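Residues per chain are reported as follows:
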Amino acid sequence: MGRVIGLMSGTSLDGIDVALIETDGEAVTATRGHNGHLAPLGPTGYRAYAEEERALLRRALADARAATRHTDRPGCLAEAEDLITRRHAEAVEAFLAANGLAPSDIDAVGFHGQTAVHKPGQGLTLQIGDGQALARRLGIPVVGQLRLADVRAGGEGAPLVPVFHRALAAAAGLTDGLGILNIGGVANVTLISAGGDLLAFDTGPGNALLNDWMKERTGAEYDADGATAARGRPDAAFLGWLLDHPYFARRPPKSLDRDWFSHKLAGFLSTEDGAATLTAFTVEAVARALAFAPEPPRRWIVAGGGAKNAAMVAGLARRLSAEITVADAIGWSSSHLEAQAFAYLAARARRGLPITFPGTTGVPAPLTGGETFLP
């Protein structure tokens, strides 16, 4: 077992999640709490972006639409990449200091970077962040570019977390049919059969549209506890129109770029009704994902920022005929699950183990990935 740090900066642009786990890239080390549930894997940390940093990242994501190769840096993308690299370094340094750790205590860092463009149908996925500069500053090997090999091989390059979900489920003794739903900027699901087979894909928008809506209408970064949505009513006709998008009828494997949909489509609605409609959009897209499940999950575990949105979780409970559990209730980390996953993927990549599979990204055969940058 080795100590690996994982880093995640999601499409919601809120900040950087940091997580430490112990793993050999196969099993994860975990203990059980007094209630029998899996205890947290290790310490976690977080560094929020300042508003001016988020503003730069938003401009960079807009400029990135001109990119045609993963090495392109149009507009202010190079400036944003430098920011991403420096802020991730600072986040790791603060995390190590807070937990009494030295760089020599860490075997590797899994560095996702910031997704700027994800168009696997065009053979393009672009995550900004300089892995070599990060490794040099930290003095720790860094594993980055974790999506690139999969997209080059014809896969969707997403979702990447399912193999970690399966390891977590095994450690927790969850062996029945299970659905693990991560609601970040985009929502993705991992369906684990009773036999351990994986099916995973992006279900549709997660928090990104709702966050953009709240930012524009109220100045808030998100709909705290789903309170704004709870005061509104979904527009059924508009919701139906959104769900007519061909993405939802397409069979997996499939993945979604953050900007496939825009919150501005709901501009004719009140603030409350718009929030309710965009929340329902996320929920209904998840419900439609069941059409592709060989066996409907008996239990769902919900993680990501959406797990903290009471209106969203309540909507899922109404629409999914199964037990709904928020990840934190069983000792998993709703907010740091993806960072933990990138630590796990880094450990697998260092050993040459597969990180993507035909049932998760549609890649022709199980495939390892990632590029290791040495200090």
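Our structure's up above, just so we're on the same page.
Residues numbered from 1 in each chain as written. Predicted model: local features only at pLDDT ≥ 70, side-chain atom pairs only at ≥ 80, totals over all residues. Heavy atoms only, no water.

## Structural notes on the pattern of salt bridges
Counted only if it meets this: The rule for a salt bridge is simple: a side-chain nitrogen of Lys or Arg has to be within 4 Å of a carboxyl oxygen of Asp or Glu. Secondary structure elements follow DSSP: runs of H or I no shorter than four residues count as helices, runs of E no shorter than two count as strands, and numbering proceeds from the N terminus. Partly exposed describes any residue whose relative accessible area lies between the buried limit of under 20% and the exposed limit of over 50%, with all areas from a 1.4 Å probe on protein chains only and scaled to the type maximum.
Under the counting rule described, the total for this entry stands at 20 salt bridges. Between glutamate 90 and arginine 87 there is a salt bridge, with the nearest N and O atoms lying 3.1 Å from each other. Highlighted residues: glutamate 90 and arginine 87, both in helix H2 (residues 77–98), separated by 3 residues, approximately one helical turn. We note a salt bridge from glutamate 216 to lysine 264, for which the minimum N-O separation is 2.8 Å. Taken together, the positions of glutamate 216 in helix H6 (residues 208–218) and lysine 264 in the loop between helix H8 (236–243) and helix H9 (271–289) put the pair 48 residues apart, joining distant regions of the chain. Exposure remark for lysine 264: the relative accessible area of 55% places this residue in the exposed category. A single network of salt bridges, built from pairs that share partners, joins Glu51, Arg54, Arg58, Lys215 and Glu221.

## As for unusual backbone geometry
Across the junction of alanine 158 and proline 159, the peptide omega takes the value -10 degrees, indicating a cis bond. Relative to the helices and strands, proline 159 is located in the loop between helix H4 (148–152) and helix H5 (162–172). With an omega of 5 degrees, the peptide bond between proline 252 and proline 253 qualifies as cis. One non-glycine residue, aspartate 225, adopts positive backbone phi at about 60 degrees. Here aspartate 225 shows up in the loop between H6 and helix H7 (227–230). Of the residues examined, aspartate 225 reaches a relative accessible area of 51% and is grouped as exposed.

## Describing the packing of aromatic side chains
Geometry of an aromatic ring pair is reported as the spacing of the ring centres plus the angle between the planes. For clarity, the cut-off: Two rings belonging to Phe, Tyr or Trp (six-membered ring only in the last case) form a pair when the distance between their centres is within 6.5 Å. Interplanar angles under 30 degrees mark stacking, angles over 60 mark edge-to-face geometry, and anything in between is tilted. We call a charge positioned above a ring when the Lys NZ or Arg CZ atom is no farther than 6 Å from the ring centre and deviates by at most 35 degrees from the ring normal.
On inspection of all chains with the given rule, the structure shows 9 aromatic pairs. Aromatic side chains phenylalanine 238 and tryptophan 241 sit 6.0 Å apart centroid to centroid with 20 degrees between the ring planes, which places their arrangement in the stacked category. Of this pair, phenylalanine 238 and tryptophan 241 both sit in helix H8, separated by 3 residues, roughly a single helical turn. For phenylalanine 238, a relative accessible area of 8% gives the class buried. Taken together through their ring pairs, the aromatic side chains of Tyr247, Phe248, Trp260, Phe261 and Phe281 make up a single cluster. In this structure, arginine 166 is placed above the aromatic ring of phenylalanine 357, and the distance from its NZ or CZ to the ring centre is 5.8 Å.

## With respect to the environment of proline 234
Quick reminder of the rule: Contacts are assigned to residue pairs that have any heavy atoms within 4.5 Å of one another.
With respect to the helices and strands, proline 234 occurs in the loop between H7 and H8. The residues touching proline 234, leaving out its near neighbours within four places in the chain, are Ala276, Thr277 and Ala280.

## As for the nonpolar core
What counts is decided by this rule: By nonpolar core we mean a set of buried residues, namely Ala, Val, Leu, Ile, Met, Phe, Trp, Tyr and Cys, connected to one another through side-chain atoms within 4.5 Å.
Counting 41 residues, the largest nonpolar core has Leu181, Phe281 and Leu316 as its most contacted members. Of all the secondary structure elements, the ones that give two or more residues to this core are strand S7 (178–183), strand S8 (186–192), strand S9 (198–205), H6, H8, H9, strand S10 (299–303) and helix H10 (310–319). With 10 residues, the top contributor of residues to this core is H9. If we skip the residues at most four places from it in the chain, leucine 316 touches Leu181, Ile183, Val283, Val286, Val302 and Ile324.

## Here's the deal with the pairing of strand S11 (residues 323–326)
We apply this condition: We call two strands paired when DSSP finds no fewer than two bridges between them. A right-handed crossover is one whose linking path, passing over the helix from the first strand to the second, runs clockwise when the strands point away from the viewer.
Here 4 bridges tie S10 to S11, and the two strands are oriented parallel to one another. Counterpart to tryptophan 300 in the pairing with S11 is isoleucine 324. Handedness of the crossover is the feature at issue here: the chain leaves S10, passes through H10, returns alongside S11, and the resulting connection is right-handed.

## Some remarks on H5
Of all 11 residues in H5, 8 are buried; the element is thus mostly enclosed. What H5 keeps buried is the set Pro162, Val163, Phe164, His165, Ala167, Leu168, Ala169 and Ala172. Looking at the residues trailing H5, positive phi occurs at glycine 173, about 75 degrees.

## Side note on helix H11 (residues 337–350)
Operational definition: One less than the number of residues in a helix, times 1.5 Å, gives the span that helix is expected to have.
With 14 residues, H11 should reach 20 Å at 1.5 Å per residue; the first-to-last C-alpha distance of 20 Å fits that figure. With 12 of 14 residues buried, H11 lies mostly within the body of the structure. Leu337, Ala339, Gln340, Ala341, Phe342, Ala343, Tyr344, Leu345, Ala346, Ala347, Arg348 and Ala349 are the residues of H11 that are buried. Residue glycine 352 follows H11 closely and has a positive phi angle near 75 degrees.

## Thoughts on the packing of helix H1 (residues 51–63) against H2
Our working rule: Axes, fitted as lines to C-alpha atoms, cover a helix only where it is in contact. Angles between the N-to-C directions of the axes lie from 0 to 180 degrees. Should an angle fall under 35 degrees it is called roughly parallel, over 145 degrees roughly antiparallel, and 65 to 115 degrees roughly perpendicular, with every other angle called oblique. The crossing is said to be left-handed when, going from far helix to near helix, the turn is anticlockwise and less than a right angle, and right-handed when the turn is clockwise. Amino acids are sorted into nonpolar (Ala, Val, Leu, Ile, Met, Phe, Trp, Tyr, Cys and Pro), charged (Asp, Glu, Lys and Arg) and polar (every other residue, Gly among them).
At a closest axis distance of 9 Å, the pairing of H1 and H2 adopts a crossing angle of 135 degrees. Relative to H2, H1 is oriented oblique. Note that H1 runs across H2; the crossing there is left-handed. For the pair H1 and H2, the contacting residues are Glu53, Leu56, Leu57 and Ala60 in the first and Leu77, Glu79, Ala80, Leu83, Ile84 and Arg87 in the second. Looking at the contact of H1 with H2 residue by residue, the class counts come to 7 nonpolar, no polar and 3 charged.

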